[in-house]
Amino acid sequence: MPPPPVTRRTALTLLAATAGSLPFVASGAHASGTRAPAPLADPTRFYLGSVQHEIGVASADPTSGALSVDALIPGTRSSFLAVSPTVNALYSVIGDDGGRLDAFALDADGAVLGELGSTSGLGDGPCHVSVHPAGGHAFSANYNDGTVAVVALAPDGTPGEVTQVVQHTGSGPHPGRQEGPHAHQVLPDATGERLFAVDLGTDSVFVYAFDAEAGQLTQEHEAKLPPGSGPRHLAFHPGGQTAYVLGELDSTLTACGYDPDSGALTPGAVVPLLPDGTSPDGNSAAEVLVSSDGRFVYASNRGHDSIAVFAVDGADEAEPRLVGHFDSGGATPRHIALDADESRLYVANQSTGSVVVLDRDPDEGTLTPTGATLDFPGVECVLPAVTA
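Parameters at a glance
Residues numbered from 1 in each chain as written. Predicted model: local features only at pLDDT ≥ 70, side-chain atom pairs only at ≥ 80, totals over all residues. Heavy atoms only, no water. Buried < 20%, exposed > 50% of the residue type's maximum accessible area, 1.4 Å probe, protein only. Helix = DSSP H or I, 4+ residues; strand = E, 2+ residues; numbered from the N terminus. Pairing = 2+ DSSP bridges. Core = buried A, V, L, I, M, F, W, Y, C linked by side-chain atoms within 4.5 Å. Contact = heavy atoms within 4.5 Å. Phe/Tyr/Trp six-rings, centres within 6.5 Å; stacked < 30°, edge-to-face > 60°.

### Looking at the pairing of strand E7 (residues 112-120)
Taken across its nine residues, E7 has seven buried, putting it largely inside the fold. In the sheet, strand E6 (residues 100-106) pairs with E7 via seven bridges, with the strands oriented antiparallel. Among the inter-strand pairings, Asp102 is bridged to a residue of E7, identified as Ser118. Counted along the chain from E6 to the antiparallel partner E7, the turn is five residues long, and its residue Gly110 has a positive phi close to 95 degrees.

Put into structure tokens, the structure is as follows:
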């Protein structure tokens with residue numbers, strides 16, 4: 001049975017003890033039609049998402065990095081979370097009501113004040129959400145039906161109408177997983193002029209031009225990845241000319257050249273995410289990220305339960321060089337994230353229901369267990385309020 005809806009009254013009442021008795025949200029931004037300043041959240045703040053548990057608001061100890069839960073958003077569940085880059089708002093997608101986007105107001109430190117609103121009808125099985133750099137739209141990737149939805153956002157961050165739902169088409173050779181399209185990630189570029197939609201079912205990354213005034217996507221390209229690779233997520237090198245695409249089904253990382261003028265992605269070198277001689281059977285890759293200095297790529301392996309680290313600085317950018325494999329500290333590391341100063345990697349181990357903290361060496365890229373673990377049932381997403 002779906003959880004009860006989050007009402008403004010319920011959320012504000014139950015969160016008051018931890019979020020403080022602050023106003024729900026300033027109304028001036030909406031009335032004037034201008035956007036609020038970019039949020040200045042506490043760099044130790046994190047948000048935790050799970051379809052088995054209410055959304056958690058957590059803080060990291062500045063010395064150890066250990067997380068502790070400050071508050072739960074009552075009546076909620078989440079498949080994925082995103083923070084607005086322009087207003088104090090947190091977004092969540094969940095499969096209820098034909099695919100729903102929920103929004104929550106945040107205070108200046110990133111504590112949750114209450115709900116902003118919800119919009120339904122995104123598509124079947126939303127599994128990823130992102131926000132346009134200008135804050136005016138949110139995007140969802142809907143796994144079950146292979147669609148991408150665009151949702152208009154009011155100046156205060158409140159979700160409005162679904163302005164478009166784009167249907168992917170195609171299939172792949174993997175039995176049972178690629179019978180049709182399965183959109184798995186939606187990622188706008190830094191300019192907001194393009195959206196990249198990674199589709200596991202079609203072995204593709206769809207590249208769309210985005211018209212922010214109309215809230216409409218227009219396909220520019222479809223980059224085909226190795227057959228049966230099942231692309232899940234991608235991450236861009238900060239230099240803007242290389243994207244790293246994670247293959248969930250074959251446990252690989254594909255380095256793609258990117259032409260920012262045309263929007264074309266060109267697949268290049270493919271490297272395994274598992275140690276030499278290790279079969280990808282029983283493993284599925286989950287998340288990929290790049291350090292802000294452009295020197296290292298991190299990717300999580302579910303089954304092998306490890307974090308693969310690759311060097312990508314200098315000549316290695318287009319041909320990632322393996323640094324090593326590091327224990328995830330639990331089972332099924334579905335999501336990983338670096339903290340604000342990138343001194344630690346946070347691992348959301350879904351099956352063990354734990355968020356594990358690993359120290360990161362910024363020079364070598366290596367990871368070391370800290371012993372810090374937070375129990376959080378079915379955790380699927382660990383999202384820092386502030387990133388580097």
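The discussion continues.
### Some details on the nonpolar core
Core analysis: the biggest nonpolar cluster contains 31 residues, and Tyr47, Ile73, Leu81, Leu90, Tyr91 and Leu101 have the highest contact counts within it. Beyond its immediate stretch of four places on either side in the chain, Tyr47 contacts Gly56, Val57, Leu81, Val83, Leu90, Leu106, Gly110, Cys381, Val382, Leu383 and Ala385.

### A short note on the environment of Pro238
Relative to the helices and strands, Pro238 resides in the loop between strand E16 (231-236) and strand E17 (242-247). Each C-alpha atom, one on Pro238 and one on Val290, is 7.9 Å from the other, the two residues being 52 residues apart in sequence. Excluding anything up to four places from it in sequence, Pro238 contacts Val290, Ser291, Ser292, Asp293 and Gly294.

### Quick look at the packing of aromatic side chains
The full count for this structure, using the stated rule, is six aromatic pairs. Between the aromatic rings of Phe139 and Phe210, the centroid separation amounts to 5.1 Å while the plane-to-plane angle is 80 degrees, which identifies the pairing as edge-to-face. Here Phe139, found in strand E9 (residues 137-142), pairs with Phe210, found in strand E14 (residues 204-211); they are 71 residues apart in sequence, far enough to count as distant. Phe139 sits in the buried class, given a relative accessible area of 2%. Its relative accessible area of 9% is what places Phe210 among the buried residues. Centroid distance Phe206 to Tyr208: 6.4 Å. Interplanar angle 20 degrees. Geometry classified as stacked.

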